[in-house]
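The lines below spell out each chain.
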Amino acid sequence: PNDINFVQDNESVSNYGVLRGLHFQNEPHSQSKLIRVSKGEIEDVVVDIRVNSKTFGKHVKVELSKKNNNLLFVPKGFAHGFLTLSKTAIVNYKVDSYYYESSDNGINPFDSDLNIDWKLKKSDLIISQKDMKLKYFKNISL
């Protein structure tokens, strides 16, 4: 869209097996993101959280890497997460709204209703306590 105004550039560094997400910000601070990988490889997952959407609760997966040099645009109304598939990955992303702790939200990445195949056994994944405690999709407030 032509009306996107990116206000901040972010970068995260992760090791193999690190799973981040599924994150989003509630209104009025929802964010669009433009994501690329400048080192390594990730599997990026985006979940539609727009209540009136035909694809509400559905997800798509995209491999992003330094090698394929693809970009992924994640519009407002979607939760986002990724799994690091390489020894190390550097993920760069632009956002069109600043981070607001009061709007910070997320969905548990192991929610069986979403049925996301994360490619690795759960025991091989490295995930933060914060992300492990995220609510299940049916229990989040949108």
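### Regarding the pattern of salt bridges
Under the defined criterion, the tally for this structure stands at 7 salt bridges. With its nearest N and O atoms 3.8 Å apart, the salt bridge here joins E43 to K119. With E43 in strand β4 (residues 41–48) and K119 in the loop between β9 (104–106) and β10 (126–127), this pair connects stretches of sequence that are 76 residues apart. One salt bridge in this structure joins R50 and D48, with 2.8 Å as the shortest N-O distance. Exposure remark for R50: the relative accessible area of 37% places this residue in the partly exposed category. What makes D48 buried here is its relative accessible area of 1%. Salt bridges here are not isolated pairs; linked through shared partners, they connect E43, K61, E63 and K119.

### Section: the packing of aromatic side chains
Considering all chains together, one arrives at 1 aromatic pair under this definition. Between the aromatic rings of F56 and F137, the centroid separation amounts to 5.1 Å while the plane-to-plane angle is 45 degrees, which identifies the pairing as tilted. Of the two residues, F56 sits in the loop between β4 and β5 (59–65) while F137 sits in the segment after α1 (129–132), which places them 81 residues apart along the sequence. Given the relative accessible area of 13%, F137 is considered buried. Sitting above the plane of the F110 ring, K122 keeps its charged end 4.4 Å from the centroid.

### Digging into the nonpolar core
Core analysis: the largest hydrophobic core is formed by 19 residues, its most contacted members being L22, V47, I107 and W118. Of all the secondary-structure elements, those providing two or more residues to this core are β2 (18–25), β4 and β7 (78–84). Sort the elements by how many residues they give to this core and β2 lands first, with 3 residues. Formed by 11 residues, the second largest nonpolar core is a distinct cluster that contains V37, V46, F82 and A89.

### Considering unusual backbone geometry
Between G21 and the following residue, L22, the backbone shows a cis peptide bond with an omega angle of 15 degrees. Across the junction of E27 and P28, the peptide omega takes the value 10 degrees, indicating a cis bond. Mapped onto the secondary structure, P28 falls in the loop between β2 and β3 (33–39). The backbone of N69 shows a phi angle near 55 degrees, a positive value even though the residue is not glycine. In the Ramachandran plot, N115 falls in the positive-phi region, its phi being about 55 degrees despite a non-glycine side chain. For N115, the position within the fold is in the loop between β9 and β10. The class of N115 is exposed, set by a relative accessible area of 61%.

### A word on the sheet that holds strand β8 (residues 88–95)
The strand order across the open sheet built from 4 strands is β1-β8-β3-β6, with neighbouring strands paired in antiparallel fashion. In this open sheet, the two edge strands, each paired with only one partner strand, are β1 (8–15) and β6 (72–74). With strand direction ignored, the average angle separating the axes of adjacent strands in the sheet is 25 degrees.

Procedures and definitions
Residues numbered from 1 in each chain as written. Predicted model: local features only at pLDDT ≥ 70, side-chain atom pairs only at ≥ 80, totals over all residues. Heavy atoms only, no water. Salt bridge = Lys/Arg side-chain N within 4 Å of Asp/Glu carboxyl O. Helix = DSSP H or I, 4+ residues; strand = E, 2+ residues; numbered from the N terminus. Buried < 20%, exposed > 50% of the residue type's maximum accessible area, 1.4 Å probe, protein only. Phe/Tyr/Trp six-rings, centres within 6.5 Å; stacked < 30°, edge-to-face > 60°. Lys NZ or Arg CZ within 6 Å of the ring centre and 35° of its normal. Core = buried A, V, L, I, M, F, W, Y, C linked by side-chain atoms within 4.5 Å. Pairing = 2+ DSSP bridges. Axes fitted to C-alpha atoms, helices over the stretch in contact; angles between N-to-C directions.

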